[in-house]
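# Architecture and fold: a report
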Amino acid sequence: MSFSTDLKTEQRSHMPKSIHCRLALLAGFVSINGRLEEVDGKTALAIRVDSDDTEEYIAKLVSMCSGIPRDHLIAQNEKNHHRKLLVVDTEEKDRIFAKLKLRADDTRVKVAKVITERECCKRSYLKGAFMAGGSVGSPEKAYQMEIASLSEDEAERLSDILSLRELKSSIVTHRDRYIVYIKDGDTISEVLGLMGASCSLMEFENIRILKGIRNDVNREVNCDAANMAKIAKSSKKQLEDIEYIRDTAGLDSLPEALEEMARVRLEYPYYSLKELGYEFNPPLGKSGVSHRLRRLSEVADKLRG
């Protein structure tokens, strides 16, 4: 499978816990793949999906956000091996429009900015938009991430969300689409982190490390590679422990110092111990960061029994 396919599989494995982030994720998806169609004399909301797994994920999300039963969503085949979910009932369609802050623009739908007021909702919206129209080229060949939209306004909105984190992107037109694209490896890593794709981020970084080794034969790469691999390996284990605590007991069950450490590590999954220390006020030394991460690992081990 491609890197993009693996990334979207990882994205579908997680569902936001808060209702506002679920709404933002669904709004991001609909902003790219939603449109209005005439069905049996009614104006229906059609949401295009590219696989059975995506169909089930979006159908579940629609039900969770709006209360519309799964069997009320009509699945139909489209050309080019795609399918779409239809919301035909006018009352149910209006309910989704109200929940997601949608408005009609001819056959397209647009999302009000209020849906992404929170920082966490911006991340969820970005994730939904990427699931709908995004792709990442194989990092072994080139660094390229894209999100394709039919609307220039939507492309500018996504670019603005990225710019709030000082992440640079560009917009180009191709046929009838507006494409937000990134061609910088560091920025792509940041975006993967923003979308919560920790496994894909680790894989991307590992590939970048190996690629850098091959392309820089004049440096003492063996030592550097060992250090980077060690950081990637230890970071992955730390993330697994923290995510296990989050998904079982919850991060708020931790002492304040450990909860802060857990949230900083989740936000900066690829930082070294030294870099993580700078995110605290006052800053922590490497030994202090290492001690807290060891304690988090012990908590996770106890929870695992």
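Placed above this text is the structure.
A brief structural summary. (Residues numbered from 1 in each chain as written. Predicted model: local features only at pLDDT ≥ 70, side-chain atom pairs only at ≥ 80, totals over all residues. Heavy atoms only, no water.)

## Some thoughts on the overall build of the chain
Scanning the chain from terminus to terminus reveals 12 helices and 10 strands. Relative to its length of 305 residues, the chain is compact, with a C-alpha radius of gyration of 21 Å against a globular reference of 19 Å. With the C-alpha coordinates of the chain rotated into their principal frame, the extents come out at 65 × 45 × 35 Å. In the chain, buried positions account for 46% of the 305 residues. Counted over contacts in the chain with a minimum sequence separation of 6, partners at least 24 positions apart contribute 62%. When the accessible area of the chain is evaluated, it comes to approximately 16,100 Å², of which 48% is carbon and sulfur surface. Distance between charge centres in the chain, computed from 49 positive and 50 negative side chains, equals 2 Å. (Helix = DSSP H or I, 4+ residues; strand = E, 2+ residues; numbered from the N terminus. Rg over C-alpha atoms; globule rule 2.2 N^0.38 Å. Buried < 20%, exposed > 50% of the residue type's maximum accessible area, 1.4 Å probe, protein only. Contact = heavy atoms within 4.5 Å. Areas by Shrake-Rupley, 256 points an atom, 1.4 Å probe, with all protein chains shown as cover. Lys, Arg positive; Asp, Glu negative; His and termini not counted. Charge placed at Lys NZ, Arg CZ, Asp CG, Glu CD.)

## Remarks on the side chain of Ser189
Positionally, Ser189 belongs in helix α7 (residues 185-194). Given the relative accessible area of 2%, Ser189 is considered buried. Separated by 2.2 Å, the side chains of Ser189 and Glu205 make a polar contact. (Polar contact = N/O pair within 3.5 Å; in protein donor to acceptor, adjacent residues only side chain to side chain.)

## Side note on the pattern of salt bridges
Taken as a whole and assessed by the stated rule, the structure comprises 20 salt bridges. Arg208 is paired through a salt bridge with Asp186; the nearest N and O atoms lie 2.7 Å apart. Of this pair, Arg208 sits in helix α8 (residues 198-215) while Asp186 sits in helix α7, placing them 22 residues apart in sequence. Across the pair Arg246 and Asp247 runs a salt bridge whose closest N-O atoms are separated by 3.1 Å. Classification of Arg246 by relative accessible area gives partly exposed; the value is 27%. Each member of the salt-bridge network shares a partner with another, and the members are Glu55, Glu56, Arg70 and Arg83. (Salt bridge = Lys/Arg side-chain N within 4 Å of Asp/Glu carboxyl O.)

## Considering unusual backbone geometry
Note the cis peptide between Asn281 and Pro282, where omega equals 0 degrees. Residue placement: Pro282 occurs in the loop between α11 (273-277) and α12 (286-304). With phi around 60 degrees, Glu166 is a residue other than glycine that occupies positive phi space.

## Concerning the packing of α7 against α8
Pairs of packed helices are described in terms of their axes, by the angle between the two and the distance that separates them. Between α7 and α8, the least distance of the axes is 9 Å, while the angle of their chain directions is 160 degrees. In terms of orientation, α7 lies roughly antiparallel with respect to α8. Considering the relative orientation of α7 and α8, their crossing is left-handed. In this structure, α7 contributes Gly185, Asp186, Ile188, Ser189, Leu192 and Gly193 to the contact, and α8 contributes Ser200, Leu201, Phe204, Glu205 and Arg208. Along the lines of polarity and charge, the residues of the contact of α7 with α8 split into 4 nonpolar, 4 polar and 3 charged. (Axes fitted to C-alpha atoms, helices over the stretch in contact; angles between N-to-C directions. Parallel < 35°, antiparallel > 145°, perpendicular 65-115°, else oblique. Left-handed = near helix turned anticlockwise from the far one by under 90°. Nonpolar A, V, L, I, M, F, W, Y, C, P; charged D, E, K, R; others polar.)

## Some thoughts on the sheet that holds strand β10 (residues 177-182)
Strand order in this open sheet of 4 strands is β7-β8-β10-β9, and the pairing throughout is antiparallel. Each edge of the open sheet is held by one strand with a lone partner, namely β7 (134-136) and β9 (170-174). Strand-to-strand twist across the sheet, computed as the mean angle between neighbouring axes with direction ignored, equals 25 degrees. Across 3 bridges, the pairing between β7 and strand β8 (residues 145-149) is antiparallel. Opposite Ser135, over in β8, you have Glu146 as the bridge partner. (Pairing = 2+ DSSP bridges.)

## Topic: the side chain of Thr187
You can see Thr187 is positioned in helix α7. Here Thr187 falls in the buried class, since its relative accessible area comes to 10%. Separated by 2.8 Å, the side chains of Thr187 and Asp184 make a polar contact. Ignoring sequence-local partners within four residues, the contact set of Thr187 consists of Leu167, Lys168 and Ile182.

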